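Chain by chain, the residues:
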Amino acid sequence: MSQREQFRTRLGFILTTAGSAIGLGAIWKFPYVAGQNGGGAFFFIFIFFTFVLALPLMMAEFAIGRTAGADAVTSFKKIAPGTKWYGIGILGMVTTFILLSFYSVIGGWIITYLGKIFTGELIGLQSEEYALLFQKTIENPWLSLSLQFIFILMTIIVVGHGIQNGIERASKIMMPALAILFLILVIRSVTLDGAVKGMAFLFQPDFSKLTSKAVLDAMGQSFFTLSIGVSVMITYSSYLPKTTNLPRSALSVVSMNLLVIILSGLSIFPAVFSFGLDPDAGPVLLFNVLPTIFSQLPFGMFFFAAFLIVFFFAALTSAFSMLEIIVSVLSKGHLDKRKKYAWMIGIAIFIFGIPSALSYGVLSDVTVFGKSFFDLADYAVSNVLMPLGSLLIAIFVSWKMEKSLLFDELKRGSKLKRGAFQAWYYILRYVAPVLIVIVMLDVLGVWRR
Ligand code: PHE
């Protein structure tokens, strides 16, 4: 076996992991799911799940990955030889496969909008006209498919080049740029007339309106946005030197991601209310709102282009991690096989994603379980497969791995206290499984008979 690559620095690891986390989940999905679920109460439940479930689970994946130092499937085989636990790794591969198939559709939408800036189509419209224009654009089957393909192509090329030269380098530049551009957007949005209503929508919880769907969405969103439960974090941490502080790294990633979520909420909702748009618009929300805000800024189209470029990279760095986990399992650390598998799997994902890409156009009337292909894929990933993977990982770490070894692994390079470790351990052992099962059963209506 050829020797495995490693991250060059801890910062490189954090930014790459944050690169996987920060993506469409924080920027595109959070605003629309929060919008559909009434805002404030959803946001608070989301924060609760982030710290009580997603953060401990991220540390759990880090502990598995660094203990084993191998890909998503081999890690489980090494830690629990002769058992079927490696199924968790396979589940992760299936989940990221489906995930990338619709994620790339949104990636394509971003490219479309970049193109429109350069053709000048976006200048001087009213907010409803932006929404119409967007609707018309994503209806076009050939455009949707070819741009989805370009997005996947770029993912294939970077992943084919391996961790250090591709993924780590790109993340280091793009993440800081994202924060700066977002700040400009937030300043414009919160100073619009009527912005206060949008802030109240996001920050004033009305728990009486909370539905079980909102609770499931909030849990799914906390896993989705932190790339939890699909072995991505296991894969990335397997490239770590033994000295990296795992708890601190996890906390940094969660905080950075939360910051982006707050920035994106603060840039979207004040504008939605100020322009009288509908917060419940669904997946198209961001694309309807952003052009209106930017068109009201001096040099608006310039900033919009910059924003879309950075947004695009945020989406790409997440997409890398999805393909990476599959490719790393198949190529088993052989650098020369990476390229081949990146191409094979990438093309398969594109083909699988065709119905999702057409969901907003020619296939918009076709539904399965009452959902379009796009929504179904998203629902299966966010609300079923990711919680399931998370549940299994929590159980594996806290019931199957040796407690003292876990403590040593997390303690290495950090000042972890015994008490904090115990809290983490019992969360994984009892709280996480019980919570996840309750929330998932609730959706099936099990508690409402
Ligand atoms: N966290 C990514 C985002 O928010 C999505 C993702 C999920 C990436 C799972 C990899 C694995 O966009």
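For every chain, the first residue of the written sequence is number 1, and numbering continues from 1 onward in sequence order. With pLDDT at 70 or above as the cut-off, local features in this predicted model cover only qualifying residues; side-chain atom pairs require 80 or more to be listed or tallied, and sums for whole chains, interfaces and linings still use all residues.

Caption draft 1: Representation of the overall build of the chain within the structure. Strands are runs of DSSP state E lasting at least two residues, helices are runs of H or I lasting at least four, and both sets are numbered from the N terminus onward. Broken down by element type, the chain carries 18 helices and zero strands. In summary, the chain has a C-alpha radius of gyration of 21 Å against a globular reference of 22 Å for 449 residues, a match within 12%. Dimensions of the chain, computed from C-alpha atoms along their principal axes, come out at roughly 60 × 50 × 40 Å. Between the buried cut of 20 or more and the exposed cut of 12 or fewer other C-beta atoms within 10 Å of a residue's own C-beta lies the partly exposed class, and all C-beta atoms are placed from the backbone. Residues counted as buried form 53% of the 449 residues belonging to the chain. The reference for a compact globule is 2.2 Å times residues^0.38; the radius of gyration itself is calculated from the C-alpha atoms.

Caption draft 2: Looking closely at the site of the ligand. Using a C-beta atom placed from the backbone, a residue is described as near a molecule or strand when that atom lies within 6 Å of it. Among the 16 residues in the neighbourhood of the ligand, the closest are listed as Gly 23, Leu 24, Gly 25, Ser 227 and Ser 318. Every element with two or more residues in the shell around the ligand is listed here: helix H1 (10-21), helix H2 (24-36), helix H5 (87-119), helix H10 (212-225) and helix H14 (300-331). Grouping the amino acids of the shell around the ligand by side-chain chemistry returns eight nonpolar, eight polar and no charged. Basically, the charged four are Asp, Glu, Lys and Arg, the nonpolar ten are Ala, Val, Leu, Ile, Met, Phe, Trp, Tyr, Cys and Pro, and anything else, Gly included, counts as polar.

Caption draft 3: Summary view of unusual backbone geometry. Unlike most non-glycine residues, Ser 227 shows phi in positive territory, near 55 degrees. Note that Ser 227 resides in the loop between H10 and helix H11 (232-237). Within the chain, Ser 231 stands out as a residue other than glycine whose phi angle is a positive 70 degrees. Tracing the sequence through the fold places Ser 231 in the loop between H10 and H11. Here Ser 231 falls in the buried class, since 32 other C-beta atoms lie within 10 Å of it.

Caption draft 4: Structural detail: helix H6 (residues 127-139). Helix span is expected to be 1.5 Å times the residue number reduced by one. For H6, spanning 13 residues, the distance from its first C-alpha to its last is 19 Å, which sits close to the expected 18 Å at 1.5 Å a residue. Within the sequence span of H6, burial applies to Tyr 130, Ala 131, Phe 134, Thr 137 and Ile 138. The buried residues of H6 all sit within an arc of 125 degrees when viewed along its axis, so they share a single face. Relative to its buried face, H6 has exposed residues pointing more than 90 degrees away, namely Leu 132 and Lys 136. C-beta atoms are first placed from the backbone for all residues, and any pair lying within 7 Å is then listed as a contact. The elements touched by buried residues of H6 are H5, helix H7 (141-160) and helix H13 (285-295). Comment: arc refers to directions from the helix axis out to C-beta atoms.

Caption draft 5: Spatial organisation of the nonpolar core. Among the nonpolar cores identified, the biggest contains 150 residues, and Met 58, Met 59 and Leu 323 are the most heavily contacted of them. The dominant element in this core, judged by the number of residues it contributes, is H14, at 17 residues. The residues touching Leu 323, leaving out its near neighbours within four places in the chain, are Leu 100, Thr 155, Ile 156, Val 159, Ala 342, Ile 345 and Gly 346. We call a set of buried Ala, Val, Leu, Ile, Met, Phe, Trp, Tyr and Cys residues a nonpolar core when their C-beta atoms link them within 7 Å.

Caption draft 6: Local environment of helix H9 (residues 195-203). Of all the positions in H9, only Gly 198, Phe 201 and Leu 202 are classed as buried. Buried residues along H9 cover an arc of 90 degrees about the axis, so they all sit on one side. Those residues of H9 that are buried are in contact with H2, helix H3 (40-68) and helix H12 (246-274).

Caption draft 7: Local environment of the confidence of the model for the chain. The score called pLDDT rates the predictor's confidence residue by residue, from a low of 0 to a high of 100. Confidence in the prediction of the chain, expressed as mean pLDDT, is 88, and 95% of residues score 70 or more. Across the predicted assembly, pTM comes out at 0.92 and ipTM at 0.98.

Caption draft 8: Representation of the packing of helix H4 (residues 72-79) against H5. A fitted line through C-alpha atoms represents every axis, and for helices the fit uses only the stretch in contact; the resulting angles, taken between N-to-C directions, go from 0 to 180 degrees. Where H4 meets H5, the axes come as close as 7 Å, and the angle between the chain directions of the two elements is 170 degrees. Viewed along their axes, H4 and H5 adopt a mutual orientation that is roughly antiparallel. Facing Ala 72, Val 73, Ser 75 and Phe 76 of H4, the residues of H5 in contact are Ile 88, Gly 89, Ile 90, Gly 92 and Met 93. Residues that form the contact of H4 with H5 fall into these classes: six nonpolar, three polar and no charged. Oblique is the label for any angle not under 35 degrees, not over 145, and not in the 65 to 115 range, which are roughly parallel, roughly antiparallel and roughly perpendicular in turn.

Caption draft 9: Examining the environment of Thr 211 more closely. With respect to the element layout, Thr 211 can be found in the loop between H9 and H10. The class of Thr 211 is partly exposed, set by 13 C-beta atoms lying within 10 Å. Residues Thr 211 and Phe 42, 169 residues apart in the sequence, show an inter-C-alpha distance of 9.3 Å.

Caption draft 10: Expanded view of the packing of H10 against helix H16 (residues 373-400). At a minimum axis distance of 9 Å, the contact between H10 and H16 shows a crossing angle of 65 degrees. As H10 runs across H16, the sense of the crossing is left-handed. For the pair formed by H10 and H16, the contact residues are Leu 216, Met 219, Gly 220, Gln 221, Phe 223 and Phe 224 on the first element and Ser 382, Asn 383, Met 386, Pro 387 and Ser 390 on the second. Tallied by class, residues from the contact of H10 with H16 come to six nonpolar, five polar and no charged. Less than a right angle of anticlockwise turn of the near helix away from the far helix marks a crossing as left-handed, whereas a clockwise turn marks it as right-handed.

Caption draft 11: Expanded view of the environment of Ile 228. Assignment of secondary structure puts Ile 228 in the loop between H10 and H11. Here the alpha-carbon distance between Ile 228 and Glu 402, two residues 174 residues apart in the chain, equals 22 Å. Ignoring sequence-local partners within four residues, the contact set of Ile 228 consists of Ala 54, Leu 57, Met 58, Phe 223, Met 233, Met 386 and Ser 390.

Caption draft 12: Representation of the environment of Ile 117 within the structure. Among the structural elements, Ile 117 can be located in helix H5. The class for Ile 117 is partly exposed, based on 19 C-beta atoms found within 10 Å. Distance from Ile 117 to Leu 308, taken between C-alpha atoms, is 9.9 Å for residues 191 residues apart in sequence.

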